[in-house]
Each structure stands twice: as structure tokens, then as C-alpha cells.
Amino acid sequence: MNRQELLQELRERFPNQMIRVFEKSAKRVYVEIKPEAIVRVAEYLFREIGARFNIASGVDGRDHMEILYHFTVEEIDLVISLRVTLPKTKLEINSLTSVFTAARWIEREIHELLGINFIGHPELKRLLLPEDWPQGVYPLRKDYQEWDPNAVRDRGV
Amino acid sequence: MGILENAFLKSLWVFHLATGSCNNCDIEFLDCLTPRHDIERFGMLLTGSIKHADVLLVTGAVNRQCIPRIKRLYEQMPKPRLVVAIGECALSRGIFVHSYNCPMPLDHVIPVDVYIPGCPPKPEAIIAGLVKLIESRKAQTTQGKP
């Protein structure tokens, strides 16, 4: 299977879920899909194509949030990034932990840093932030404000 | 200068603490231990346990998870104890000054005796700082004594 065949099969299998395909470079392609379809598309890539799940990344955009799930198909030397956009009023998406356990920690990290709720995650608690971090404060959001009155923000020179 | 102080300043054992630094300061400090710079000629030795250490050497920006751990290490050090901050991150947090996870510089957490600036400081600068520390300590203890 080469790159064009893979993209063609994705289009045929998920005709109503695919929004856009952006071919960034010879080794990189972005596939924008609907949030409802993420589990099925990820399952297809992981189980049937044999793609490797690298990492997911969350982005706080101007009017919506994005999650990019990066997969590598090693046989054809291709990185596929599944892009999902979530409206800021409804920040939730199905968890991929039922497909591969490697999604557990990165979903916990996106949850604590951006406040996105992953439905079906077995233990959605904090990964890296300290215990005394206040509830409901998400540091990588665009509207994050300093909450700690003891923080020192000048260099003292 | 008493015999204890004399022995202390001639055999400073160093405990190296990296509070999430980028490893560049750590590499420069490890360079000090190599035969080229050979910090052991001043009696300094790297030790693996904080309970054997005379000097706590900190590299990296202090983050929220680290603050209670640094305090705990500092409390475990036997007295007399010295603290050396190496690199811009330990001094003023460098580029992480506005980071949500780095609320304060090192000297707001524990008292610091020597600041060695640089990103990273050269091994020569680290050695110069440590020698200055020894000299100033000597001057303090011999003051007012014949």
C-alpha cells in the first residue's frame, strides 16, 4: 500500500467523517475529521494499517480547540496527523484508551493543561501539575491568568 | 580559624541537584570534575548522598514540584552548609521567568551563598565562583581574630 491508496481507502471508509485532507509534504499529511469519528478512524489506522501512535497534541486556537493525533505508518514512511476541532463551549471527545493504552498519559496531560474532557478515560486525573494547583485553572489556555499571589515575576535586576 | 573550619574549607563535598534543567549547566559542571579542570585540587568531591554533602549545587529553574523537594534536601544537609546556584535558570529562571510552573527564583526558596551566572557558565567561571566562596568564608572566620 502506498500513500495515495491509503488516503483513498480512508476516503472510502469514512466518506461523511472526513472534512479535509492537507498534504503538507512528502512525509506528512493532515486529515481533518469529525470528533465523533475519532475512535473508529484511530482503530482503523492502528489495527488494520498497523500505524504507530506517536503522540497527541492539543492547541488552543482563537475560536476553537484542536487535538492532533500523530500516527506513523512506517512501511510507507508517512506521518498522518488526525486533526479534530472542538468548539470552546463543548470541550469533550471520546477517549482513545479503548484502542491503545498509550493514549492514557497524553490524554491526562491534555486534560490538565487545556481542560478537555476525555469521555471513557479510566483515570482522568492530573499527570504532571503539583497537588496544590487550583481546580479549574488550565495553564496552556489563551485566557490563563496568574493565580498565585506569591509568584515573583521580575528578575530582580 | 579553627581546625574544623580549616578541614571544612579544604574538603568540600558537593551534592549536585538538577531541578529540571536543560542539562547544559550539568555538563559544564561535570567538565569541572574531569582531569582537564580537575576541581579536586581544591578538595572538592562529588558525593552521591545529601547527608555527606557540604555544598548543595543547584542547576535549573525551580518549578512547583521541586520546591518542597529542595527544602527537604536542604534540611537534610549537615551544618555547616553552603548553597551554590549555577546558571541563569537557577539565578533568575532565565527564559522561564513568566512560566506558570516556575513561581520564584532559587534564593526565595533557600538561602544562596554564591551565584554563578551564564547560560551555561564556563567551567572556569564555576571554579572561580567556588574559589571565591572558599576565600570569602576564610575571610569571615579570620575576621577579628589575631
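Residues numbered from 1 in each chain as written. Chains lettered and ligands numbered in written order. Predicted model: local features only at pLDDT ≥ 70, side-chain atom pairs only at ≥ 80, totals over all residues.

(A) Broad picture of the sheet that holds strand β5 (residues 114-116) of chain B. All names here are of chain B. The strand order across the open sheet formed by 5 strands is β2-β1-β3-β4-β5, and the pairing between neighbours is parallel. The sheet is open, and its two borders are formed by β2 (45-46) and β5, each paired with just one other strand. Summarising the sheet, strand β4 (residues 82-86) and β5 pair through 3 bridges and their orientation is parallel. Pairing of A85 across the sheet is with Y115, part of β5. Each of β1 (13-18), β2, β3 (55-59) and β4 touches helix α2 (residues 24-33); the most contacted strand, β3, lies at about 140 degrees to it. Packed on one face of the sheet, helix α5 (residues 123-142) meets β4 and β5 and runs near 165 degrees to β5. (Pairing = 2+ DSSP bridges. Helix = DSSP H or I, 4+ residues; strand = E, 2+ residues; numbered from the N terminus. Contact = placed C-beta atoms within 7 Å. Axes fitted to C-alpha atoms, helices over the stretch in contact; angles between N-to-C directions.)

(B) Structural context of helix α2 (residues 38-49) of chain A. Residues and elements named next belong to chain A. Along its 12 residues, α2 runs 15 Å from first to last C-alpha, staying within 8% of the 16 Å computed at 1.5 Å per residue. Buried residues of α2: I38, V41, A42 and L45, and no others. Angular distribution of buried residues about the axis of α2 spans 100 degrees; they occupy a single face of the element. In α2, those exposed residues whose orientation departs by more than 90 degrees from the buried face are R47 and E48. As for α2, its buried residues are in contact with β2 (28-33), β4 (64-73), β5 (78-87) and β6 (92-94). Backbone geometry just after α2 places G50 at a positive phi near 80 degrees. (Expected span 1.5 Å × (residues − 1). Buried ≥ 20, exposed ≤ 12 C-beta atoms within 10 Å, placed from the backbone. Arc of directions from axis to C-beta.)

(C) Quick peek at the pairing of β4(A). All names here are of chain A. Here strand β3 (residues 52-60) runs beside β4; their pairing, made up of 8 bridges, is antiparallel. The residue bridging D60 from the neighbouring strand is M65, located in β4. Between the antiparallel neighbours β3 and β4 lie 3 residues. For β4 and β5, the ladder comprises 10 bridges, and the chain directions are antiparallel. Across the sheet, the residue bridging to L68 is R83, located in β5. From the end of β4 to the start of β5, which pair antiparallel, there are 4 residues, and D77 there has a positive phi angle of about 60 degrees.

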